[in-house]
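# Secondary and tertiary structure notes
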Amino acid sequence: MLFLMAIQYPYLPEGRTVEYVSADNQFMRAAHEYALAHSLDDFQKTGSVVVKNGRIIGQGANGNRYHQEHGCERVRQRIPTGERYDLCEGCNPKNHSEPKALEDAISHGEDTRGADLYLYGHWWCCKPCWDAMLAAGIKNVYLLEGSEKLFNTKR
């Protein structure tokens, strides 16, 4: 008998699920490529694309220049992922790829309601990012298959 172990996300809104796609999925590839080209976070390059009606309507990558100039207080204090964003301007959720991709779509006049978001470079979405995605009407969130092992810094 096969037992599948449920992933214990640090945060997941009630009634929501996360879907998984392989690395060869065209939208996951696009999120990965965007992360590599545009992320300003040298530790964890993360990229998101917002997809509606089979086309990318928004893109975002994580980070800003704060970490290069000041380092990260959360890293210095060994704060777990997803906690105490208030300690570091560079870690502020406004610098995460998900809200940046949503902002990009909206700035181009796109309607994000019913769209999907593909996230590369992380294994879960924090509460502020989920809040932004829910407010924008994101239908499904897709992560890379195996991301809970690839990107989980506790492993």
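A brief structural summary. Being a predicted model, the structure only gives us computed values, none of them experimental.

## Points about helix 4 (residues 97-107)
Where helix 4 is concerned, the buried positions are Ser 97, Glu 98, Pro 99, Ala 101, Leu 102 and Ala 105. Elements in contact with the buried residues of helix 4: strand 2 (47-52), strand 3 (55-61), strand 4 (116-120) and helix 5 (127-136).

## What about the nonpolar core?
In terms of nonpolar packing, the biggest core is built from 38 residues, with Val 49, Val 50, Tyr 118, Tyr 120, Met 133 and Ile 138 touching the most fellow members. Elements that contribute at least two residues to this core include exactly helix 1 (26-38), strand 2, helix 4, strand 4, helix 5 and strand 5 (140-144). At five residues, helix 1 tops the list of elements feeding residues into this core. Look past the residues within four positions of Tyr 118 in its chain and what remains in contact with it is Val 21, Asn 25, Phe 27, Met 28, Ala 31, Gly 47, Ser 48, Val 49, Val 51 and Tyr 142.

## A closer look at the pairing of strand 2
With respect to burial, strand 2 is a largely interior element, six of its six residues being buried. Here strand 2 shows two buried faces, one formed by Gly 47, Val 49 and Val 51 and the other by Ser 48, Val 50 and Lys 52. For strand 2 and strand 3, the ladder comprises six bridges, and the chain directions are antiparallel. The residue of strand 3 that forms the bridge with Val 49 is Gln 59. The hairpin formed by strand 2 and strand 3 contains two residues between the paired strands, and Asn 53 there has a positive phi angle of roughly 55°. Pairing analysis gives five bridges linking strand 2 to strand 4, with the strands arranged antiparallel. Looking across to strand 4, one finds that Val 50 is bridged to Leu 117.

## Describing the packing of aromatic side chains
Within this structure, the stated rule accounts for five aromatic pairs. Note on Tyr 9 and Trp 123: the rings are 6.4 Å apart at their centroids and 25° apart in plane angle, and the pair reads as stacked. Of this pair, Tyr 9 sits in the segment before strand 1 (19-21) while Trp 123 is found in the loop between strand 4 and helix 5, placing the two residues 114 residues apart along the sequence. For the pair shown, Tyr 9 and Trp 123 are each scored as buried. Where Phe 27 meets Tyr 118, the ring centres are 5.3 Å apart and the plane angle is 50°; that geometry is what we call tilted.

The rules behind these values
- The numbers attached to residues start from 1 for each chain and follow its sequence in the written order.
- Where local features are concerned, this predicted model is filtered to residues with pLDDT of at least 70; where side-chain atom pairs are given and counted, the filter is 80 or more; whole-chain, interface and lining totals use all residues.
- The side-chain values count all of the structure's non-hydrogen atoms but skip hydrogen atoms and water molecules.
- A simple rule labels every residue: compare its accessible area, found with a 1.4 Å probe on the protein chains alone, to the largest value its type can have, and call it buried under 20%, exposed over 50%, or partly exposed in between.
- Secondary structure counts use DSSP, requiring at least four H or I residues in a row for a helix and at least two E residues in a row for a strand, with both numbered from the N terminus.
- In what follows, a contact means two residues having at least one pair of non-hydrogen atoms within 4.5 Å.
- Buried Ala, Val, Leu, Ile, Met, Phe, Trp, Tyr and Cys residues that are joined via side-chain atoms within 4.5 Å together make up what is termed a nonpolar core.
- Here, strands pair whenever DSSP counts at least two bridges between them.
- Ring pairs shown here join Phe, Tyr and Trp side chains whose ring centres sit within 6.5 Å, with only the six-membered ring taken for Trp; geometry is labelled stacked below 30 degrees between planes, edge-to-face above 60, and tilted in between.

Nothing here speaks to function; it is all geometry.
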